[in-house]
Amino acid sequence: MRHHLRRLLPLLALVLVLCAAMAVPAAASDPTEEPGTKMIECPDCGASGACMDCYGLDPECESCGGENVCAACGGTGYVESPSHFYNTFWALVPPIIAIALALITKEVYSSLFIGILAGGLLYSNFSFEGTVLHVFEDGIVSVLSDGYNVGILAFLVILGTLVCLMNKAGGSAAFGRWAQQHIKTRVGAQLATIVLGILIFIDDYFNCLTVGSVMRPVTDKHRVSRAKLAYIIDATAAPVCIIAPISSWAAAVAGFAEDGQGLNLFIRAIPFNYYAILTIVMMVGMALMKTEFGLMKKFEDNARETGDLFSGPNPYAMMDEEMEEDKGRVLDLVLPIVVLVICCVIGMIYSGGFFSGASFVDAFSGSDASVGLLLGSAFALVFTVVYYMVRRAMSFRDMMGCIPEGFKAMVPAILILTFAWSLKAMTDSLGAKYFVRDFVWSSAAGVQMLLPALVFVIGCLLAFATGTSWGTFGMLIPIVQNVFPMDNPLSIVCISACMAGAVCGDHCSPISDTTIMASAGAQCDHVSHVSTQLPYAITAAAVSLVSYIFAGFVPNAVIALPVSVVLMLLTLLVIRKLAGRAA
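Residues numbered from 1 in each chain as written. Predicted model: local features only at pLDDT ≥ 70, side-chain atom pairs only at ≥ 80, totals over all residues. Heavy atoms only, no water.

### Observations regarding the overall build of the protein chain
Alright, step 1. The helix and strand inventory of the protein chain stands at 27 helices and two strands.
Alright, step 2. Counting contacts in the protein chain only where the partners sit at least 6 residues apart, residues at least 24 apart contribute 78% of the total.
Alright, step 3. Accessible area for the protein chain stands at about 23100 Å²; split by element, carbon and sulfur atoms hold 65% of it. (Helix = DSSP H or I, 4+ residues; strand = E, 2+ residues; numbered from the N terminus. Contact = heavy atoms within 4.5 Å. Areas by Shrake-Rupley, 256 points an atom, 1.4 Å probe, with all protein chains shown as cover.)

As structure tokens, then:
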């Protein structure tokens with residue numbers, strides 16, 4: 001217990017630092033933009049200030065008397081938050097509780113729910129009725145009513161069904177046999193997984209589940225632990241998407257930037273995105289050097305020496321039971337995956353208006369990943385069913401039986417995602433983003449050269465606590481644009497630090513949806529994935545922090561990027577030497 005508490009002390013110390021930096025002189029017409037604000041958008045009128053009952057059309061309206069003024073806010077569009085803990089340090093307490101309990105108890109469902117409950121208590125000022133209503137109505141029910149979230153959950157179910165179909169048809173087993181003949185070593189299996197993860201750069205959700213489906217048979221044959229597979233999947237998901245100009249992440253950054261030049265900013269920031277680049281360098285370097293450290297070393301040793309791929313529970317055991325070893329062809333796996341990739345790309349550009357006249361880049365910038373991936377996966381599922389019927393790979397009854405089986409296989413991921421989204425709703429309702437925003441504004445003056453490193457740390461902390469990278473850089477990028485003019489070289493470095501910090505915190509957080517999906521893609525126990533990945537992510541983050549300090553003084557990508565890569569390679573050599581001594 002003391003060991004776990006020591007691990008949490010740095011996080012708590014950083015949060016306490018945030019608590020000390022609240023007084024920032026600023027003025028804004030929007031009361032939520034004022035430092036230390038307690039104001040929120042009026043829930044009755046949605047900040048419009050208008051009467052939602054009659055819209056001013058009924059002179060006898062009991063709410064406004066025909067004046068079209070919201071009775072709740074008096075027409076201002078804003079009301080004071082009902083919570084005494086809004087926009088304070090306490091807004092970060094629910095995720096800290098959830099993360100601490102998950103790391104200490106190794107049980108993620110109850111930990112997340114207790115964090116949600118803590119958020120409800122703080123929002124309702126410890127009122128029993130208010131807590132119950134906020135947790136369920138504004139939390140769990142609300143996130144499950146959101147169209148984007150439902151699209152992602154449906155996408156998960158369809159992918160689970162596709163995986164089950166490919167397993168029952170024998171495609172996964174056939175690919176495993178083919179890979180066993182062509183990929184001869186554990187290093188080759190890991191490098192092949194990395195290459196595939198980099199090639200599928202369109203979307204992190206899609207990356208996690210597709211790479212896991214394709215490469216599990218390969219890594220299992222070569223006794224690569226599921227925890228290591230989950231790390232590779234996770235490290236080639238968000239870190240690759242955040243440096244790929246044609247991806248859902250590029251589209252998100254383009255949408256968050258305020259001047260309409262989001263995609264241009266994204267491309268210019270790529271060479272300074274140290275966490276993403278150094279994570280890939282570290283991942284490849286560790287595979288080539290055959291070196292592991294931390295808890296991952298135990299998992300890898302068990303897999304290599306005893307064939308135990310899990311070193312603990314396997315929550316996805318039901319999926320492995322469906323493997324057919326005696327039938328199927330490689331095409332039974334490759335063709336559905338290729339069709340899935342093509343359909344998802346078409347689905348994303350369709351959701352962005354490509355077929356209504358928008359350019360390819362504009363369509364990707366305006367795409368809706370939830371809609372695009374759902375449509376793409378649905379068409380891929382129909383194709384796969386028809387293809388297997390023509391091939392007579394399995395009966396129609398067996399194929400339909402894969403639908404509930406695929407759903408059941410994704411239940412762990414769906415439950416964790418639902419609780420993680422609900423926890424984010426709690427932190428949003430407590431004004432956590434405004435608390436962190438005030439700290440950034442208060443720290444901007446006087447430490448400009450260190451601001452990239454500071455923004456990186458804040459991004460890490462916020463994304464780790466909330467489990468959302470998009471929400472993190474969506475909040476920080478506009479702030480950085482207000483701090484620096486875009487012709488200042490430090491502006492690009494800081495914008496990149498926003499994205500890198502968001503990805504790093506998301507990569508480390510047990511409540512991150514990408515981390516959850518990486519566990520699902522590798523069919524690995526979620527807590528095992530988080531605990532084995534954390535030392536690797538922290539190592540890359542530490543080197544990235546030093547790199548951002550250097551880039552603050554030398555904001556030149558031609559100089560700073562090679563320096564950061566050399567630092568990472570030197571770090572890997574030191575780790576290898578220390579690991580050799582320990583052995």
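### Brief notes about the nonpolar core
Alright, step 1. Counting 150 residues, the largest nonpolar core has Leu156, Tyr275, Met282, Tyr388 and Phe456 as its most contacted members.
Alright, step 2. Among the elements that make up this core, the one with the highest residue count is helix 5 (residues 147-169) (13 residues).
Alright, step 3. Among the nonpolar cores identified, the runner-up in size contains eight residues, and Cys42, Val79, Tyr86 and Tyr434 belong to it. (Core = buried A, V, L, I, M, F, W, Y, C linked by side-chain atoms within 4.5 Å. Buried < 20%, exposed > 50% of the residue type's maximum accessible area, 1.4 Å probe, protein only.)

### With respect to unusual backbone geometry
Alright, step 1. The phi dihedral of Asn125 falls on the positive side, at around 60°, and the residue is not glycine.
Alright, step 2. Among the structural elements, Asn125 can be located in the loop between helix 3 (108-123) and helix 4 (128-145).
Alright, step 3. At Gln523, a position not held by glycine, the phi torsion is positive, near 50°.
Alright, step 4. Relative to the helices and strands, Gln523 resides in the loop between helix 25 (513-522) and helix 26 (526-553).
Alright, step 5. By relative accessible area, which is 4% here, Gln523 ends up buried.

### Digging into helix 7 (residues 186-199)
Alright, step 1. Compared with the 20 Å implied by 1.5 Å per residue over 14 residues, the 20 Å span of helix 7 between its first and last C-alpha is a close match.
Alright, step 2. By the burial criterion, the buried members of helix 7 are Arg186, Val187, Ala189, Gln190, Thr193, Ile194, Leu196 and Gly197. (Expected span 1.5 Å × (residues − 1).)

### Description of the packing of helix 19 (residues 396-409) against helix 20 (residues 411-429)
Alright, step 1. Interaxial distance between helix 19 and helix 20 falls to 4 Å at its minimum, and their mutual angle equals 45°. The pairing of helix 19 with helix 20 is recorded here as oblique in orientation. Taken together, the residues of helix 20 that come into contact with helix 19 (itself represented by Phe407, Lys408 and Ala409) are Val411, Pro412 and Ile414.
Alright, step 2. Looking at the contact of helix 19 with helix 20 residue by residue, the classes come out as five nonpolar, no polar and one charged. (Axes fitted to C-alpha atoms, helices over the stretch in contact; angles between N-to-C directions. Parallel < 35°, antiparallel > 145°, perpendicular 65-115°, else oblique. Nonpolar A, V, L, I, M, F, W, Y, C, P; charged D, E, K, R; others polar.)

### Observations concerning the packing of aromatic side chains
Two descriptors summarise a pair of aromatic rings, namely the distance from one centre to the other and the angle between the planes of the rings.
Alright, step 1. This structure, assessed with the given rule, holds 13 aromatic pairs.
Alright, step 2. Between Tyr350 and Phe355 the ring centres are 6.3 Å apart and the planes differ by 45°, which places this aromatic pair in the tilted class.
Alright, step 3. By relative accessible area, Phe355 is classed as exposed at 53%.
Alright, step 4. Measuring from ring centre to ring centre gives 6.0 Å for Phe383 and Tyr387, while their planes differ by 5°; the resulting arrangement is stacked. With Phe383 and Tyr387 both in helix 18 (residues 369-391) and four residues apart, the pair spans about one turn of that helix. (Phe/Tyr/Trp six-rings, centres within 6.5 Å; stacked < 30°, edge-to-face > 60°.)

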